[in-house]
Amino acid sequence: MSTTLDSMDSMLFSLSRAFCTPFAVFVQIQGCVICLLLALGWLMAAYVRNREIKRIKNSMKAGNSLAFLYQDMNELEHSRQAKLPRVSVVMPLKGFGEHNLHNWRSQITSLYGGPLEFLFVLESTEDPAYHAVSRLLATHQDHVEAKVVIAGLATTCSQKIHNQLIGVEKMHKDTKYVLFLDDDVSLHPGTIGALTSEMEKNPEIFIQTGYPLDLPSGTLGSYCIYEYHMPCSMGFATGGTTFFLWGGCMMMHADDFRQDRYGVVSGLRDGGYSDDMTLAALAGAHKRLITSPPVAVFPHPLATDLSFGRYWNYLRKQTFVLESYISKVNWIMNKALFAVHCYLSWGFVAPYVMSVIHITSALRIYIKGYSQLEDATFASSGMSLVILLAICTFIELLAMWNLTRREVTLCNLLSPEAPRLTLAPYNWALIFIAMLVDNFLYPISAFRSHFSQSINWSGIRYHLRNGKVFKIERRNDMVPAKTDLGGKHLYGKKGATHKASFLSSLGRNLAHWRQPKKFDV
């Protein structure tokens, strides 16, 4: 037994010495640098969000009680509201889950003062969302211009893109801007007005976008998704121009679709898999402008039963988008992003593995009282690297928490009558574990996507060839019980599980938002 322990100690000390070589030290220092760069990005993003928080609060102190809607109260004058352009909101739906009713209500009760229509687009009437959204619209038919559109089955692109394009075909002939929303987006009362205002100020904007604020439900899977999205959030918190695009919120010029300008329709329709990646590639190819206003951050509560398996399925779909492309340049960019992300992910995880060896080695020396100077020296050097990594990790976690806190505050200001968001259940230990798990699994998922060239998305398997969808399979045995993030049921009558008392109460609370915009235009 003692011989075995001595052998294990010898191996442990050998690893500790190996992890103190110049290359190993470089890897560990690199991990610290990655932590600090992430922290810096989150601090800058928090600055942008906090600047908007201060603007709203200062405006409210100055007497503008509707600062969450407009910076200038004069914008609420009837003469200005009457000139607002028509907006069509297109929402491709798939399945029905615990947060859908709240999200849909937040969308159709927008306080935008101009002409506004909502198109809920589904694959078929068999979708559980069909009956749920039909009942919702029936209760608001006197106040909202909305309709349900049946798109049918996609044959040349993803079902989501197919639904979006059918929605565009059905939009009003006078629509100036089209806003694509995911059905898991919870809007603020002034979101549509804020996006439209920016489009009117700068006609050169090609797409306006935003980003979700994930609210973990307490499971490891939900924290993994939260951690996965957080690095991207800094790219959307610029307060202006960005290269990032999120398909859950995209406002565009309606004429770009009517005229197939820049190939937006053909690029999406002919083999398109990911709406945001395709449109971002077109924007880059044609030097078009993408912006993200500071108020475009949306609360996104994750499903309470979000399992680790559903997180893995979601990660697979996210890495798979890098396999789709529309041009050679787009292919090169995706492969570069693939390589850099994989390198940084494992470059982030490796120092923590080394730290475990350093800590274990130091504990063995302390417990056994080994007196070999060489081993003690290496253990001391290793622990110095561990302490440095611990400090950098703490700074990174603090910066992530600070940005989340700022975005929660901003969301509460932008939706003053909605239930208050809170960070009370924020679990630091699970976030740290999620950081390691997510970064370890990302390269595995990315390589699997690269070699498989197919993915199951909500019960539909898409096959890619040369970056485009060329084959679509639909089989009952491929349909998951629930969707990944929202936990939505894809088939069956699930919409009736929500109690009428909840709907009535929520309807009364949000109906108040319709009052200020009841005027003739």
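The residue numbering used here restarts from 1 in each chain and proceeds along that chain's sequence as written. At least 70 in pLDDT is required for a residue's local features to be given in this predicted model, at least 80 for side-chain atom pairs to be given and counted, and no such filter applies to totals for whole chains, interfaces and linings, which use all residues. Computation of side-chain values: all heavy atoms of the structure, hydrogens and water removed.

Per an unreviewed UniProt entry, the recorded name for the chain is ceramide glucosyltransferase, and the organism is Brassica campestris. UniProt positions are given in the numbering used here, feature names are shortened, and annotations may be inferred rather than shown by experiment. Taken from UniProt, the Sequence similarities (unreviewed entry) comment for the chain reads in full: "Belongs to the glycosyltransferase 2 family."

## Overview of the side chain of S274
With respect to the element layout, S274 can be found in the loop between α10 (264–269) and α11 (275–285). Within the local environment of S274, its side chain forms a polar contact with the backbone nitrogen of M277, the two atoms lying 3.3 Å apart. The contact criterion used throughout is that any non-hydrogen atoms of two residues lie within 4.5 Å. For S274, the contacting residues outside a window of four places in its chain are I161, V321 and S324. Numbering of helices and strands starts at the N terminus; helices are DSSP runs of H or I of at least 4 residues and strands are runs of E of at least 2. We define a polar contact as two N or O atoms separated by no more than 3.5 Å, with the added condition that, inside protein, one atom must be a possible hydrogen donor and the other a possible acceptor, whereas residues neighbouring each other in sequence contribute only through side-chain atom pairs.

## Describing the nonpolar core
Only buried residues count toward a nonpolar core, which is a set of Ala, Val, Leu, Ile, Met, Phe, Trp, Tyr and Cys residues joined through side-chain atoms within 4.5 Å. Summary of the burial criterion: residues with accessible area below 20% of their type's maximum are buried, those above 50% are exposed, and those between are partly exposed, where the area comes from a 1.4 Å probe applied to protein chains only. Formed by 42 residues in total, the largest nonpolar core has its most connected members in M400 and I431. Looking at this core, the elements with two or more residues in it are α2 (22–61), α8 (220–236), α12 (308–320), α13 (328–368), α14 (373–414) and α15 (428–452). Here this core takes eight residues from α2, the largest share from any one element. Apart from the residues lying within four places of it in its own chain, the contact partners of M400 are W42, Y226, E227, M230, Y426, I431 and M435. Listed in part, the 35 residues of the second largest apolar core include V89, A132, V185 and Y211.

## Considerations on the pattern of salt bridges
It is possible for side chains of opposite charge to pair when their charged atoms get near one another. Basic side-chain nitrogens of Lys or Arg form a salt bridge, by our definition, when they fall within 4 Å of a carboxyl oxygen of Asp or Glu. Applying the stated criterion across every chain, the model contains 16 salt bridges. Notably, a salt bridge pairs E200 with K176, separated by 2.9 Å at the nearest N-O pair. With E200 in helix α7 (residues 191–201) and K176 in the loop between α6 (159–170) and β4 (177–181), this pair connects stretches of sequence that are 24 residues apart. On the accessibility criterion, K176 (39% relative accessible area) is partly exposed.

## Some words on the packing of helix α4 (residues 100–108) against helix α5 (residues 128–139)
Direction vectors running N to C along α4 and α5 enclose 40°, while the axes themselves pass 11 Å from each other. Here α4 is positioned oblique relative to α5, judged by the angle of their axes. Here α4 and α5 pass one another in a crossing that is right-handed. Within the contact between the two elements, α4 uses L101, W104, R105 and I108 and α5 uses A129, A132, V133, L136 and L137. Under the scheme applied here, ten amino acids are nonpolar (Ala, Val, Leu, Ile, Met, Phe, Trp, Tyr, Cys and Pro), four are charged (Asp, Glu, Lys and Arg), and all others, including Gly, are polar. A class-by-class count of the residues in the contact of α4 with α5 yields eight nonpolar, no polar and one charged. Only C-alpha atoms enter the line fits that serve as axes; for helices the fit covers just the stretch in contact. Angles between N-to-C directions range over 0 to 180 degrees. By the definition adopted for this analysis, an angle is roughly parallel if under 35 degrees, roughly antiparallel if over 145, roughly perpendicular if from 65 to 115, and oblique otherwise. Each crossing is labelled by how the near helix is turned from the far one, with a counterclockwise turn of less than a right angle marking it left-handed and a clockwise turn marking it right-handed.

## Points about the packing of α8 against α12
Remark: α8 packs on α12, axes separated minimally by 7 Å, with the N-to-C direction vectors making an angle of 25°. When the axis of α8 is compared with that of α12, the two are roughly parallel. Judged by the twist between their axes, the crossing of α8 over α12 is right-handed. Here α8 contributes L220, G221, C224, I225, Y228 and H229 to the contact with α12, which in turn contributes F308, Y311, Y314, L315 and Q318.

## Quick look at the packing of aromatic side chains
In this analysis, rings of Phe, Tyr and Trp, with Trp reduced to its six-membered ring, are considered paired at centre separations within 6.5 Å, and the interplanar angle assigns stacked below 30 degrees, edge-to-face beyond 60, and tilted for intermediate values. In this structure the tally under the stated criterion is 22 aromatic pairs. Seen from their ring centres, Y211 and F236 are 4.3 Å apart, and the 15° between their planes marks the pair as stacked. Of the two residues, Y211 is situated in strand β6 (residues 211–215) and F236 in helix α8; the sequence distance between them amounts to 25 residues. On the basis of an interplanar angle of 70° and a centroid distance of 6.1 Å, the ring pair of Y211 and W246 is categorised as edge-to-face. With Y211 in strand β6 and W246 in the loop between α8 and β7 (249–253), this pair connects stretches of sequence that are 35 residues apart. Assigned by exposure class, Y211 and W246 land together as buried. Taken together, the ring pairs in this structure connect Y211, F236, F244, W246 and F298 into an aromatic cluster. A ring is scored as having a charge over it whenever the NZ atom of a lysine or the CZ atom of an arginine sits within 6 Å of its centre and within 35 degrees of its normal. Positioned above the aromatic ring of W331, the side-chain terminus of K328 is 4.4 Å from the ring centre.

## A closer look at the pairing of strand β11 (residues 460–465)
For two strands to pair, DSSP has to find at least two bridges joining them. Relative to β11, strand β10 (residues 454–457) runs antiparallel, the two being bridged by four bridges. Paired with I455 across the bridge in β11 is Y462. The sheet contact formed by β11 and strand β12 (residues 468–474) spans six bridges and is antiparallel. For I460, the partnering residue across the bridge sits in β12 and is R474. The antiparallel hairpin formed by β11 and β12 contains two residues in its connecting segment, where N466 sits at a positive phi of about 55°.

## As for the UniProt feature "transmembrane region" (unreviewed entry) in the chain
According to UniProt, the feature "transmembrane region" (unreviewed entry) maps to residues 21–48, 343–366, 378–403 and 423–442 in the numbering used here. Span residues 21–48 is 96% helix and 0% strand, its end C-alpha atoms 41 Å apart. Between the end C-alpha atoms of residues 423–442 the distance is 27 Å, and the span holds 75% helix and 0% strand.

## Re unusual backbone geometry
Phi is positive for Y262, close to 60°, though the residue is something other than glycine. Position of Y262 among the secondary structure elements: in the loop between α9 (254–258) and α10. By relative accessible area, Y262 is classed as partly exposed at 26%.

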